[in-house]
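Listed here are the chains, written in short residue letters.
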Amino acid sequence: MPAAGEQGVARAHTLAEALPYIHRFYGQTLVIKYGGAAMEEATLQEKVLQDIALLRLVGMKPVVVHGGGPELTRVAEQMGLESVFREGLRVTTSEMRDAALMVLAGLLNKRIVALLNRAGVPSVGLSGVDGSLFQVEPLRRHRGKEVDLGYVGEIQQVNTHLLRHLLEGGYIPVLSTLGVNAEGEIFNINADHAAGAVAGALKAEKVIFLTDVRGLLRHPPDETTLIPRLTLAEAKRLLESGSIEGGMIPKLHGCILALEQGVRRAHIIDGRLEHSLLIELFTDEGIGTMIE
Ligand SMILES: Nc1ncnc2c1ncn2[C@@H]1O[C@H](COP(=O)(O)OP(=O)(O)OP(=O)(O)O)[C@@H](O)[C@H]1O
Ligand SMILES: [Mg+2]
């Protein structure tokens, strides 16, 4: 018999190493916040969505919550709308909210669904408006301060009934983060907050945030200062300390939201790296920042 090539052995080894993890996560719900570079770059995008399809095919129940800030900024600019952020959150006029609906719930959501379907797993794209999936109220407080960001909603409730139906039916739900209030008005929701809320409501095993840095950094932008692990209490202190900036604020907030509602672990990982989801889930090393 010919000897297996070194490469073949390495591959088989990787698969064997994955087995206990596949076993542990079988049937478990996993919420993935999809954003950053992994959503911007075409080949990376296709790879990430193939990995998510793989997770479904080995028995996990992934739910995708996507962002799309850069694309929204581009389209809004073409519409003559300027993007303004406060502490990582988008100031949202009614015109910006309409642009968010078009770009997030339309263009980007359907692109993701099409790619997942092509990767062999049926998926369904919804906004939080559909089936009143995300019931919101205007966000009024942020990091202990009163804020008015316009049509930025804070999730009060997630319709898990609808999500569970989809998951039981074998579908991957792909969620864009808009929601409705009691009056039927539509609001934009920060995607990191929404991912945390969805994971919490579903009592997911994990929530994983794909982003375009290695993880949570002690001294950004120095990527050698990665914080590999921290507890929920440490994460809260860090958020309050003011050393976290920009887009990392809502992300850390999303992790805290999820953990406070009983999610076991939250991860912030590098979406620029090919197969980062598989490395995190199926290898002994793990990557990025883990909060528990
Ligand atoms: N302490 C920190 N650790 C890591 N990143 C930080 C920190 N403070 C600020 N950042 C910034 O936060 C950014 C990540 O948030 P950002 O909103 O830009 O991306 P995203 O949420 O992954 O993508 P999207 O908003 O498109 O969904 C990093 O690229 C980094 O510049
Ligand atoms: Mg962001």
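Everything below is about the structure printed above this text.
Described in the following lines is the structure provided in the data block. For clarity, every value in this text was computed on a predicted model and none was experimentally measured.

## A closer look at the site of ligand 1
Move 1: Residues in contact with ligand 1 amount to 20 residues; listed here are only the nearest, K33, T211, L217, E245 and K251.
Move 2: With respect to ligand 1, the side chain of D212 contributes an N or O atom lying 3.1 Å from an oxygen atom.
Move 3: Interatomic distance of 3.4 Å between a backbone N/O atom of M248 and an oxygen atom of ligand 1.
Move 4: In isolation ligand 1 exposes 640 Å². Once the protein is present, 76% of that is buried.
Move 5: For the shell around ligand 1, the secondary structure elements donating two or more residues are α4 (69-78), β13 (206-211) and α9 (248-260).
Move 6: Along the lines of polarity and charge, the residues of the shell around ligand 1 split into 8 nonpolar, 7 polar and 5 charged.

## Comments concerning the packing of aromatic side chains
Aromatic ring pairs are reported here in terms of the distance separating the ring centres and the angle at which the planes meet.
Move 1: Counted according to the given criterion, the structure contains 1 aromatic pair.
Move 2: Relative to F187, the ring of Y151 has its centre 5.4 Å away and its plane inclined at 50°; by these criteria the two rings are tilted. Of this pair, Y151 sits in the loop between β8 (145-146) and β9 (153-158) while F187 sits in strand β12 (residues 186-188), and the two are 36 residues apart along the sequence.
Move 3: Relative accessible area serves as the criterion here: at 23%, Y151 is assigned to the partly exposed category.
Move 4: In this structure, R97 packs its charged tip against the face of Y151, placed 4.6 Å from the ring centre.

## So, the nonpolar core
Move 1: Counting residues in hydrophobic clusters, the biggest one holds 45 residues, and the most contacted among them are V31, F134, L175, V198 and L252.
Move 2: Here this core gets 7 residues from one element, more than from any other, and that element is α9.
Move 3: Look past the residues within four positions of L252 in its chain and what remains in contact with it is L216, A235, L238, L239, I244 and I291.
Move 4: L30, M96, L116 and F282 belong to the second largest nonpolar core, which has 40 residues in total.

## Some details on the sheet that holds strand β5 (residues 123-127)
Move 1: As summarised here, the arrangement of the 8 strands in space is β5-β10-β2-β1-β13-β15-β16-β14, forming an open sheet in which the pairing is mixed. Two strands bound the open sheet, and with one partner strand each, they are β5 and β14 (229-230).
Move 2: In this sheet, strand β10 (residues 172-176) lies alongside β5 in parallel orientation, the contact comprising 5 bridges. Counterpart to V124 in the pairing with β10 is P173.

## Focus: the pattern of salt bridges
Move 1: Going through the model one piece at a time under the given rule, you end up with 18 salt bridges.
Move 2: Linking R97 and D98 is a salt bridge whose minimum nitrogen-to-oxygen distance equals 2.8 Å.
Move 3: Judged by its relative accessible area of 13%, R97 is buried.
Move 4: Here R229 and E292 are joined by a salt bridge, their closest N and O atoms 2.7 Å apart. Of this pair, R229 sits in strand β14 while E292 sits in the segment after β16 (289-291); the two residues are 63 residues apart in sequence, bridging distant segments of the chain.
Move 5: Judged by relative accessible area, which is 55%, R229 ranks as exposed.
Move 6: Under the relative-accessibility criterion, E292 is labelled partly exposed at 35%.
Move 7: If you follow the salt bridges from partner to partner, you end up with K33, D192 and K251 in one network.

Analysis parameters
Residues numbered from 1 in each chain as written. Chains lettered and ligands numbered in written order. Predicted model: local features only at pLDDT ≥ 70, side-chain atom pairs only at ≥ 80, totals over all residues. Heavy atoms only, no water. Near = heavy atom within 4 Å. Polar contact = N/O pair within 3.5 Å; in protein donor to acceptor, adjacent residues only side chain to side chain. Areas by Shrake-Rupley, 256 points an atom, 1.4 Å probe, with all protein chains shown as cover. Helix = DSSP H or I, 4+ residues; strand = E, 2+ residues; numbered from the N terminus. Nonpolar A, V, L, I, M, F, W, Y, C, P; charged D, E, K, R; others polar. Phe/Tyr/Trp six-rings, centres within 6.5 Å; stacked < 30°, edge-to-face > 60°. Buried < 20%, exposed > 50% of the residue type's maximum accessible area, 1.4 Å probe, protein only. Lys NZ or Arg CZ within 6 Å of the ring centre and 35° of its normal. Core = buried A, V, L, I, M, F, W, Y, C linked by side-chain atoms within 4.5 Å. Contact = heavy atoms within 4.5 Å. Pairing = 2+ DSSP bridges. Salt bridge = Lys/Arg side-chain N within 4 Å of Asp/Glu carboxyl O.

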